[in-house]
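# Descriptive structure summary
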Amino acid sequence: MIQQPGDENPEKFSYSSLTKSLTEQRSCHMTYTSPEVHNVLRDGFERSPMFNGRIKSVGPRYCPSIEDKINRFADKERHQIFVEPEGWNTVEVYVNGFSTSLPEDIQFKALRSVTGFEHVKFFRPGYAIEYDYFPPTQLKHSLETKLIEGLYFAGQINGTTGYEEAASQGLMAGINASLKVQEDDPFILRRDQAYIGVLIDDLITKGTEEPYRMFTSRAEYRTLLRQDNADLRLTPLSHAIGLAKEDRLKRMEEKEYKSNQFIEFFKDTSVKPDEANPVLANKGSALMKQSDKMFKIFSRPSITINDMKKFSSVSKYIQDLKLDREVIEQTEIQVKYSGYINKEKNNADKLNRLEDIKIPSNFNFDKINSMSLEAREKLKNIQPTTVSQASRISGVSPNDISVLLVYMGR
Ligand SMILES: Cc1cc2nc3c(=O)[nH]c(=O)nc-3n(C[C@H](O)[C@H](O)[C@H](O)COP(=O)(O)OP(=O)(O)OC[C@H]3O[C@@H](n4cnc5c(N)ncnc54)[C@H](O)[C@@H]3O)c2cc1C
């Protein structure tokens, strides 16, 4: 098998210094199936409930079983398997990429024909799961059901699959149930504020026909929804509803302030050609003829913070203000991607103006004759609360939205 070491600098979820980054990791390993393995597996197809018609539901598109893969991608001679250790004090491994519900004897025989697994032992066989769900279009943005006041749904019951998908909905449903009891407004994250916003809006606006996964590609504002700025995006909101404590907010505000100041420093400070050119030449970047602002140099594609640190004023600034890794990283990202970030912010602002146009809860869409019948049907069914949400419903065209806006006097 091929060794797959972990990240060199493992990141962590929390920004709090209470949790520490991993210092020691175990490697994963990679191996592949082969035509021989596929033949063994095929022997079990007719005994598999997924293939002989006893189970009718569709499998998850994004983590298909090994039998699904050899069926759907019949031209592929091999499939990747990641062998993941289950812990420090066990010999057990998780065979990622080999999920299966074929008969146990077939599973074992097939596994033993995989390179590296010739002598493998088996703790328990793989299995398939089947589950039902409630169409999530029956929910409000708060995850409260439209039909029963005070009842909230979160997780797989809404048609999603995944740990983070379930956990994030659970968090939101919990927050909103609590706010409801306190007679406060619901807490709703927008699509340009958080992946949670995208997830919930997708579910309740579009529904889902198959297990829903929160892919980054589903978000239109990926440049804004970065992991490096999750704290900047969400801590103030969390603090406002009484979740994040004061010290957490302070820490975030300090990071924001320091990185904004550092960005200003790059905008205000110039560098002369004789100091800059050796650094630029080293990176194959065009040389300078006259002094220029550091911000412009830092914006060049090949120039990183490590190059910038070679300028004495930059390294002095970092030392004098004792800037930590997080502040420096935030500054670097904001400088290097400022063009893209600003463009996306403008787009989001434009769309948020539609978000501000609320549709009354008992709005009669049938009255709008000039709107397509399909759009009226969908709007009646989903009952969007804003024009922006209405525009995201499949089957509702930009033209329908213009008609709706005219009708609402906009
Ligand atoms: C084998 C397997 C591997 C997976 N691997 C991954 C993975 O690698 N990564 C990933 O992100 N996701 C994975 N998933 C998916 C993920 O585990 C689920 O989508 C997620 O855990 C669902 O969480 P949930 O809280 O919505 O539901 P659940 O975790 O199913 O929780 C529902 C709970 O409700 C309880 N319950 C049910 N009926 C009642 C009742 N009448 N009264 C009281 N309690 C009741 C159940 O006992 C259960 O505890 C995997 C799932 C399986 C089965």
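Procedures and definitions
For every chain, the first residue of the written sequence is number 1, and numbering continues from 1 onward in sequence order. Side-chain atom pairs in this predicted model are given and counted only at pLDDT of 80 or more, local residue features only at pLDDT of at least 70, and totals for whole chains, interfaces and linings cover all residues. Only hydrogens and water are set aside; all other atoms, that is, all heavy atoms of the structure, feed into the side-chain values. Put simply, DSSP marks the helices as runs of H or I at least four residues long and the strands as runs of E at least two long, and each gets a number from the N terminus on. Think of it in three bands: residues with accessible area under 20% of the maximum for their type are buried, residues over 50% are exposed, and the middle band is partly exposed, with areas taken using a 1.4 Å probe on protein chains only. We call two residues contacting when some pair of their heavy atoms lies within 4.5 Å. For this count, His and the chain ends are skipped, Lys and Arg are scored as positive, and Asp and Glu as negative. For charged residues, the charge sits on one atom: NZ in Lys, CZ in Arg, CG in Asp, CD in Glu. What makes a residue near a molecule or strand is one non-hydrogen atom of that residue sitting within 4 Å of it. Polar contact is defined as a pair of N or O atoms within 3.5 Å, subject to the rule that within protein one atom must be able to donate a hydrogen and the other to accept it, and that residues adjacent in sequence are counted only when both atoms are side-chain atoms. Only the protein chains shown count as cover for residues, with accessible areas throughout obtained via the Shrake-Rupley method and a probe of 1.4 Å. Side-chain classes follow a simple rule in which Ala, Val, Leu, Ile, Met, Phe, Trp, Tyr, Cys and Pro form the nonpolar group, Asp, Glu, Lys and Arg form the charged group, and the remainder, Gly included, forms the polar group. Two aromatic rings, drawn from Phe, Tyr or Trp (for Trp, its six-membered ring), form a pair once their centres lie within 6.5 Å of each other, and the interplanar angle then sorts them: stacked below 30 degrees, edge-to-face above 60, tilted otherwise. Each ring is checked for a lysine NZ or an arginine CZ that lies within 6 Å of its centre and within 35 degrees of its normal; such an atom marks a charge sitting over the ring. Patches were defined on residues exceeding 30% relative accessible area and lacking a salt bridge, with like-charge contacts within 9 Å and nonpolar side-chain contacts (Val, Leu, Ile, Met, Phe, Trp, Tyr) within 5 Å. Put simply, a salt bridge is a Lys or Arg side-chain nitrogen that is within 4 Å of an Asp or Glu carboxyl oxygen. Only buried residues count toward a nonpolar core, which is a set of Ala, Val, Leu, Ile, Met, Phe, Trp, Tyr and Cys residues joined through side-chain atoms within 4.5 Å. Note: two strands are recorded as paired if DSSP finds a minimum of 2 bridges between them. All axes here are fitted lines through C-alpha atoms, helices being fitted over the stretch that makes contact, and every angle between N-to-C directions spans 0 to 180 degrees. Roughly parallel here means an angle under 35 degrees, roughly antiparallel means over 145, roughly perpendicular means 65 to 115, and every remaining angle is called oblique. Per-residue confidence from the predictor is reported as pLDDT, a score between 0 and 100.

As a further point, take the overall build of the chain. Within the chain, the secondary structure is distributed over 16 helices and six strands. Along the longest, intermediate and shortest principal axes, the C-alpha atoms of the chain span 75 × 65 × 40 Å. When each of the 410 residues of the chain is scored for burial, the buried share is 41%. Looking at the chain alone, contacts between residues at least 24 apart form 63% of all its contacts between residues at least 6 apart. Charged side chains in the chain number 57 positive and 58 negative. The centres of these two groups are separated by 4 Å.

Turning next to the site of the ligand. Around the ligand lies a shell formed by Tyr-127, Ile-129, Gly-155, Gln-156, Thr-161, Gly-162, Tyr-163, Glu-164, Ala-166 and Arg-213. At 2.9 Å, a backbone N or O of Gly-162 approaches an oxygen atom of the ligand. In isolation the ligand offers 1,000 Å² of accessible surface; the protein chains occlude 36% of this area. Considered class by class, the residues forming the shell around the ligand number four nonpolar, four polar and two charged.

Glancing now at the packing of aromatic side chains. Tallied over the full model, the rule gives 10 aromatic pairs. Considering the side-chain rings of Phe-108 and Phe-122, the 5.4 Å spacing of their centres and the 75° angle between planes classify their relative orientation as edge-to-face. Here Phe-122 lies in the loop between α3 (104–112) and α4 (163–181) and Phe-108 lies in helix α3, a separation of 14 residues in the sequence. Among the aromatic side chains, those forming a connected cluster through ring pairs are Phe-262, Phe-265, Phe-266, Phe-298 and Tyr-317. Over the aromatic face of Tyr-32 sits the side chain of Arg-78, whose NZ or CZ is 3.6 Å from the ring centroid.

Residues Glu-246, Asp-247, Glu-253 and Glu-256 make up a contiguous surface patch of negative charge. Within the secondary structure, Asp-247 is located in helix α7 (residues 246–268).

Along helix α8 (residues 273–282), the residues classified as buried are Pro-273, Ala-276, Asn-277, Val-279 and Leu-280. Of the surrounding secondary structure, the elements contacted by the buried residues of α8 are β5 (270–271), α9 (294–299) and α10 (305–308).

Turning to the nonpolar core, a few remarks are in order. Soluble globular proteins tend to pack their nonpolar side chains together in the buried interior. Core analysis: the biggest nonpolar cluster contains 24 residues, and Phe-262, Phe-266, Met-294, Met-308, Phe-311 and Val-314 have the highest contact counts within it. Counting residues per element, the ones that place at least two in this core are α7, α8, α9, α10, α11 (312–320) and α12 (325–336). Excluding anything up to four places from it in sequence, Phe-311 contacts Val-271, Glu-275, Ala-276, Val-279 and Met-294. Residues Leu-199, Ile-200, Ala-219 and Leu-225 belong to the second largest nonpolar core, which totals 21 residues.

Here the focus is the sheet that holds strand β4 (residues 93–96). Taken in spatial order, the four strands make up an open sheet running β1-β2-β3-β4, and their pairing is antiparallel. Two strands bound the open sheet, and with one partner strand each, they are β1 (2–4) and β4. If you compare each strand with its neighbour and ignore which way they point, the axes differ by 30° on average. Sheet analysis places strand β2 (residues 28–32) next to strand β3 (residues 80–85), joined by four bridges and oriented antiparallel. Paired with His-29 across the strands is Val-83, a residue of β3.

Looking now at the packing of helix α1 (residues 35–42) against α3. Viewed as axis vectors pointing N to C, α1 and α3 meet at an angle of 175°, and their least axial separation amounts to 9 Å. One element, α1, and the other, α3, form an angle in the roughly antiparallel class. Every residue of α3 that contacts α1 at Val-37, Val-40 and Leu-41 is listed here: Ile-106, Lys-109 and Ala-110.

Overall, the predicted model of the chain reaches an average pLDDT of 92, with 100% of residues at or above 70. Summarising per-element confidence for the chain, the mean pLDDT is lowest in helix α16 (residues 398–407) (85) and highest in β2 (98).

Let's shift gears to the side chain of Thr-100. Note that Thr-100 resides in the loop between β4 and α3. Look at Thr-100 and you get buried, because its relative accessible area is 5%. There is a polar contact of 3.0 Å between the side chain of Thr-100 and the backbone nitrogen of Leu-102. Ignoring sequence-local partners within four residues, the contact set of Thr-100 consists of Ser-65, Ile-66, Glu-67, Gln-107, Gly-126, Tyr-127 and Ala-128.

Once that is clear, we can look at the pattern of salt bridges. Counted under the stated rule, the structure contains 29 salt bridges. Ionic pairing is found between Glu-254 and Lys-258, a salt bridge with its closest N-O pair at 3.3 Å. Placement of the pair is Glu-254 and Lys-258 together in helix α7, with a separation of four residues, close to one helical turn. When its relative accessible area of 45% is taken as the criterion, Glu-254 is described as partly exposed. A salt bridge links Arg-392 to Glu-355; the shortest N-O distance between them is 3.8 Å. One end of the pair, Arg-392, is in the loop between α15 (387–391) and α16; the other, Glu-355, is in helix α13 (residues 338–355), and 37 residues separate them in sequence. Across the pair, exposure class does not vary: Arg-392 and Glu-355 are buried alike. What you see here is one network of salt bridges that share partners, running through Arg-191, Asp-201, Asp-202, Lys-206, Glu-220, Glu-355 and Arg-392.

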